[in-house]
2 protein chains.
Amino acid sequence: MPDRIYNFSPGPATLPQEVLAQAAQDIVNFNNKGIGLIELSHRSKEFMAVADEAEALLRELLAIPANYKVLFLQGGASTQFAMVPLNLLGPGQKASYLNTGTWAKKAIKEANLVAEAHVAYSSEATTFDHVPKNGDYEVDPAAQYLYFVSNNTIYGTQFADFPKTEKMLVCDMSSDILSRKFDITPFGLIFAGAQKNMGPAGVTLVIIRDDLLDRAPANLPTMLRYKTHADKGSMFNTPPCFAIYVVGQVCKWLKAMGGVEAMEEKNKEKAALLYGMIDSTDFYKGHARVDSRSLMNITFNLPTPELEALFIDQAGQEGLDGLKGHRSIGGCRASIYNAFPRQGVVDLVDFMKRFEKAHC
Amino acid sequence: MPDRIYNFSPGPATLPQEVLAQAAQDIVNFNNKGIGLIELSHRSKEFMAVADEAEALLRELLAIPANYKVLFLQGGASTQFAMVPLNLLGPGQKASYLNTGTWAKKAIKEANLVAEAHVAYSSEATTFDHVPKNGDYEVDPAAQYLYFVSNNTIYGTQFADFPKTEKMLVCDMSSDILSRKFDITPFGLIFAGAQKNMGPAGVTLVIIRDDLLDRAPANLPTMLRYKTHADKGSMFNTPPCFAIYVVGQVCKWLKAMGGVEAMEEKNKEKAALLYGMIDSTDFYKGHARVDSRSLMNITFNLPTPELEALFIDQAGQEGLDGLKGHRSIGGCRASIYNAFPRQGVVDLVDFMKRFEKAHC
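In this text, all values refer to a predicted model and were calculated from it rather than measured experimentally. Every chain is numbered independently, its residues counted from 1 as its sequence is written. Ligands are numbered from 1 and chains lettered from A, in the order in which they are written. Given that this is a predicted model, residues contribute local features only at a pLDDT of at least 70 and side-chain atom pairs are listed and counted only at 80 or more, while totals for whole chains, interfaces and linings are drawn from all residues. For the side-chain quantities, the full set of heavy atoms in the structure was used; hydrogens and water were omitted.

## Considering the relation of the copies chain A and chain B
Phase 1 of the analysis: Under the fitted operation, chain A is carried onto chain B by 0.0 Å of movement along the axis and a turn of 180 degrees, and the coordinates agree to an RMSD of 0.0 Å. Within this description, the copies of the chain are treated as partners about a two-fold rotation axis. Ranked by how close their C-alpha atoms come to the rotation axis, the residues of chain A are headed by A24 of chain A, at 2.0 Å.
Phase 2 of the analysis: Interface overlap between copies is the fraction of interface residues in one copy that are interface residues in the other; for chain A against chain B it reaches 100%, indicating a shared surface. A least-squares superposition brings the copies together, and it is based on the C-alpha atoms of residues with pLDDT no lower than 70 in both. In what follows, residue pairs with any heavy atoms lying within 4.5 Å of each other are defined as contacts.

What follows is the structure in structure tokens.
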């Protein structure tokens, strides 16, 4: 086994080595203060500076306008599936949803528990092998928002262009936030679990337009109200300090790498290497339709499940780890988020060539 | 500033140095696997073993019976304030609450948002300087449970003996779990944020009797149902992996120190040193009534607010940090959880003597 493996896991996922090294140091002795990072009071000036810096870097990297709040919450994207309709839909109101995979379906289920979700489009009949284009669906005229998942980790599909509608957009950006440049202003709310492209598990980023903070009904529990957290700068209760710290460190690293625009170029190039390999042969078959391909999660199949199992096992022995596809569709998946090194992709392509030669 | 300060913060709080050193190593390279701890998929066999070990150690240390589930959740104790009544109270049902401080009050507020909280006792009139004894209050005959906070961090009070009632107990044990031996069987549910006595911020332990899992109404959002997490071993969605790992490491350390019974003796001795100092003079005055004193948080005042500010400042210069009382009552507070070293208490007592001599 090499010193450091290439970790193709879909999340929690690879983080920059520099960030891990810095975290290791700060956990034992933060800024040489004689106290560990995770021992710091969340109300200490040291930790407040950590949280402020993380927010400032996110605002800079994503060009978040001043009328949006940046929140660090707990409970994962799965909790957001409920918080979004609980906060944004009043009695009798509804929203349109694009069903492009497992995570969209879960969000639709939660919305229907508390209000009404109109499914404007579904790609389920073709095993979620694509995302819709503008014109493929109609948003309900009464919808309060259009909800979509920008990148579908399990199926390896991604919206290259975001939906265009007069309705406000709400987006689960868990698996491609910070991977490319985009305009936030059509969005009312964006959320993202950190553990794919931004940090460790345990913190969820919410970006919310501030006029939406007052919509929640009076009997909604305090911790489920966005306003609770917005009013207190995510410090209403003890926040997930370590995870916020790592997000800040990842943002620092991302900025040093040239920001999201530079990262987008690198992501395109990494993905092109793998899709190029897949398209050069009939041995490997991509799951996603070409026009819906994800730059983050590359899903593909081999001729038989037996060959797929062998492929995953032998790749693992070469330090190419975590290539097993999600249990719901099987096959193989290479997750290559921002922090995943180009060399790992090159090595995987090389392995794919050798494996094909040996088994075709 | 010494190499390592004594951190009297109420939470996040001091952790064992051995645990921090191990975490630093594992963050960069977990078990020499060539992958960092926070990069591991939560479904990898490596992380599953981490979570299983944390649960097994908690079960062993707290002697948790087999008919209780152990859950690792997100959102802090503040989210539990709502989840408890949302899951345990049906329409028109109520529960009795003992109002012994800020955290109890917050729990009462959340219960009243979704059901009815009967306040069986309140010590608010005397600034929460004590907790009630059995016989001081009556539980509502229609109550589904009696809710109390075992240790009140802000006011420095603690239940030396738990309430005795025929009703099932529900307890917020955030600030004294694992500090002493107790019998779990009168409890229906216990919860505790990790960041005081158990680990870093970001994970909340819930111990729930399994017959209570089916009480939640059908329209409760999935993530707010205890059953969701119980059915999936806290892996319904990505759990806060790092925080769970640290809880496991702290439990390992605690077991090596002799378990909760040995820890209880140490805690009694540390607290006795400080209360002995306070009782030996009129210069320092304890906030809590003697019969309600906490072994975890020692609250006290000096003759004037000016002297308190000077005391906190000068102590800080000697590496005795975090002694400022909570903003709601002012004064001083020394939080001395399990991992707080005896020597730090000895040093504080010595400083208190010197400070008194210089200023009385």
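## Remarks on the sheet that holds strand β2 (residues 68-73) of chain B
Sheet strands pair by backbone hydrogen bonding; their relative direction is either parallel or antiparallel.
All names here are of chain B.
Phase 1 of the analysis: Across the sheet, seven strands lie side by side as β2-β10-β9-β8-β5-β3-β4; this open sheet has mixed pairing. Each end of this open sheet is capped by a strand with a single partner; those strands are β2 and β4 (116-122). Between one strand axis and the next, the sheet turns through 20 degrees on average, direction left out of account. Pairing between two strands is assigned when DSSP locates at least 2 bridges connecting them. In this description a helix means any DSSP run of H or I spanning at least four residues, a strand means any run of E spanning at least two, and both kinds are numbered starting from the N terminus. In this description, a line fitted to the C-alpha atoms serves as the axis of each element, helices being fitted only across the stretch in contact, and the angle between N-to-C directions of two axes falls anywhere from 0 to 180 degrees.

## Comments concerning the packing of aromatic side chains
Residue and element names in this part refer to chain B.
Phase 1 of the analysis: The aromatic pairing rule takes the rings of Phe, Tyr and Trp, using the six-membered ring of Trp, and pairs them if the centres are within 6.5 Å, calling planes under 30 degrees apart stacked, those over 60 edge-to-face and the rest tilted. A complete count under the given rule lists 47 aromatic pairs over all chains for this structure.
Phase 2 of the analysis: Arranged with centres 6.3 Å apart and planes meeting at 50 degrees, the rings of F283 and F355 form a pair that is tilted. Of this pair, F283 sits in the loop between α7 (259-279) and β11 (285-286) while F355 sits in helix α9 (residues 342-359); the two residues are 72 residues apart in sequence, bridging distant segments of the chain.
Phase 3 of the analysis: The cut-offs for exposure are 20% and 50% of the maximum accessible area for each residue type, with area from a 1.4 Å probe on protein chains only; residues under the lower value are buried, those over the upper are exposed, and the others partly exposed. Judged by its relative accessible area of 7%, F283 falls in the buried class.
Phase 4 of the analysis: On the numbers, 5.9 Å between centres and 65 degrees between planes, the contact of Y284 with F311 is edge-to-face. On the criterion of sequence distance, the pair formed by Y284 in the loop between α7 and β11 and F311 in helix α8 (residues 305-317) is long-range, its members being 27 residues apart.
Phase 5 of the analysis: A relative accessible area of 1% places Y284 in the buried class.

## Considering the sheet that holds strand β4 (residues 116-122) of chain A
Residue and element names in this part refer to chain A.
Phase 1 of the analysis: Reading across from one edge, β2-β10-β9-β8-β5-β3-β4 is the order of the seven strands in this open sheet, with mixed pairing throughout. The sheet terminates laterally at β2 (68-73) and β4, the two strands that pair on one side only. Taking each pair of neighbouring strands and ignoring which way they run, the sheet shows an average axis angle of 20 degrees.
Phase 2 of the analysis: Bridging between strand β3 (residues 94-99) and β4 involves six bridges; their strand directions are parallel. In the sheet register, N99 faces β4, and the bridge partner there is S122.

## Focus on the pattern of salt bridges
All names here are of chain A.
Phase 1 of the analysis: Here a salt bridge means any side-chain nitrogen of Lys or Arg lying within 4 Å of a carboxyl oxygen belonging to Asp or Glu. Evaluation of the coordinates by the stated rule reveals 40 salt bridges over all chains.
Phase 2 of the analysis: Between E53 and K252 there is a salt bridge, and its shortest N-O distance comes to 3.8 Å. Here E53, found in helix α2 (residues 45-62), pairs with K252, found in helix α6 (residues 241-256); they are 199 residues apart in sequence, far enough to count as distant.
Phase 3 of the analysis: For E53, a relative accessible area of 35% corresponds to the partly exposed category.
Phase 4 of the analysis: Look at K252 and you get partly exposed, because its relative accessible area is 36%.
Phase 5 of the analysis: One network of salt bridges, with partners in common, ties together K33, K45 and E46.

## Structural notes on α9 of chain B
Residue and element names in this part refer to chain B.
Phase 1 of the analysis: An expected span of 1.5 Å times one less than the residue number is assigned to each helix. Taking 1.5 Å of rise per residue, 18 residues should cover 26 Å, and α9 covers 26 Å from first to last C-alpha, within 8% of that figure.
Phase 2 of the analysis: Buried within α9 are the following residues: G344, V345, L348, V349, F351, M352, F355 and E356. One side of α9 carries all its buried residues, which in axial view fall inside an arc of 165 degrees. Exposed positions of α9 whose direction lies more than 90 degrees from the buried face are K357 and A358.
Phase 3 of the analysis: Buried positions along α9 lie against β1 (6-7), α7, β12 (297-301), α8, β13 (320-321) and β14 (332-335). Picture the helix axis, draw a direction to every C-beta atom, and the arc is the one those directions span.

## Notes on the domain arrangement of chain A
All names here are of chain A.
Phase 1 of the analysis: Throughout, the edges of the domains are those of an automatic or database domain assignment. As far as domains go, chain A holds domain 1 (33-256) and domain 2 (258-359).
Phase 2 of the analysis: Taken together, the contact between domain 1 and domain 2 spans 27 residues of the former and 26 residues of the latter.
Phase 3 of the analysis: Computed with a 1.4 Å rolling probe, the buried area is the accessible surface lost when two parts are put together, summed over both parts. For the pairing of domain 1 and domain 2, the buried interface totals around 2,300 Å² over both sides, and the portion due to carbon and sulfur atoms is 53%.
Phase 4 of the analysis: By the criterion of area lost to domain 2, the three top residues of domain 1 are I154, Q158 and K181, representing 21% of everything that side buries.
Phase 5 of the analysis: Viewed at the interface, domain 2 and domain 1 are joined by two salt bridges.
Phase 6 of the analysis: Counted as a polar contact is a pair of N or O atoms within 3.5 Å, where, for protein atoms, one must be capable of donating a hydrogen and the other of accepting one, and residues adjacent in sequence contribute only when both atoms are in side chains. The tally of links between domain 1 and domain 2 comes to 19 residue pairs in polar contact (both at pLDDT 80 or more).
Phase 7 of the analysis: Only β7 (157-158) and α6 provide two or more residues apiece to the side of domain 1 that touches domain 2.

## Notes on the interface of chain A and chain B
Phase 1 of the analysis: Between chain A and chain B, the residue contacts involve 60 residues of the former and 60 residues of the latter.
Phase 2 of the analysis: Interface area, chain A with chain B, both sides summed: about 4,300 Å², of which 59% is carbon and sulfur.
Phase 3 of the analysis: Together, P12, I38 and E39 of chain A form the three largest contributors to the area buried by chain A at its contact with chain B, with a combined 14%.
Phase 4 of the analysis: Counting every contact that joins chain A to chain B gives two salt bridges.
Phase 5 of the analysis: Here E39 of chain B makes a salt bridge to R4 of chain A, at a shortest N to O gap of 2.6 Å.
Phase 6 of the analysis: Within the residue set of the side of chain A that touches chain B, elements represented by two or more residues are α1 (17-28), α3 (76-88), α4 (102-114) and α6 of chain A.
Phase 7 of the analysis: Tallying contributions element by element places α1 of chain A first for the side of chain A that touches chain B, with six residues.
Phase 8 of the analysis: Among the residues making up the side of chain A that touches chain B, the classes are represented as 31 nonpolar, 20 polar and nine charged. Under the grouping applied here, Gly and all other residues not named as nonpolar or charged are polar, the nonpolar ones being Ala, Val, Leu, Ile, Met, Phe, Trp, Tyr, Cys and Pro and the charged ones Asp, Glu, Lys and Arg.

## A few points about the nonpolar core
Phase 1 of the analysis: Counting 130 residues, the largest nonpolar core has F242 of chain A together with F242 of chain B as its most contacted members.
Phase 2 of the analysis: For F242 of chain B, the residues in contact, after removing those within four places along its chain, are I27, I38 and F242 of chain A together with A23, I27, L37, I38 and P200 of chain B.
Phase 3 of the analysis: Counting 66 residues, the second largest nonpolar core, distinct from the first, contains V170 and L224 of chain A together with L213 and A216 of chain B. In these notes, a set of buried Ala, Val, Leu, Ile, Met, Phe, Trp, Tyr and Cys residues joined through side-chain atoms within 4.5 Å is what counts as a nonpolar core.

## Description of the packing of α6 of chain A against helix α7 (residues 259-279) of chain A
All names here are of chain A.
Phase 1 of the analysis: Where α6 meets α7, the axes come as close as 7 Å, and the angle between the chain directions of the two elements is 75 degrees. Judged on the interaxial angle alone, α7 and α6 are roughly perpendicular. For the pair α6 and α7, contact is made by W253, L254 and K255 and by G259, V260 and M263, respectively.
Phase 2 of the analysis: Partitioned by chemical class, the residues of the contact of α6 with α7 number four nonpolar, one polar and one charged. Roughly parallel covers angles under 35 degrees, roughly antiparallel covers those over 145, roughly perpendicular covers 65 to 115, and oblique covers all other angles.

## A word on the environment of S328 of chain A
All names here are of chain A.
Phase 1 of the analysis: Relative to the assigned elements, S328 resides in the loop between β13 (320-321) and β14 (332-335).
Phase 2 of the analysis: Exposure remark for S328: the relative accessible area of 42% places this residue in the partly exposed category.
Phase 3 of the analysis: For the pair S328 and T102, spaced 226 residues apart in sequence, the C-alpha separation works out to 8.9 Å.
Phase 4 of the analysis: Those residues in contact with S328 that sit more than four places away from it in its chain are T102, I154 and Y155.
Phase 5 of the analysis: Here H326 takes part through its side chain, which lies 2.8 Å from a polar atom of the side chain of S328.

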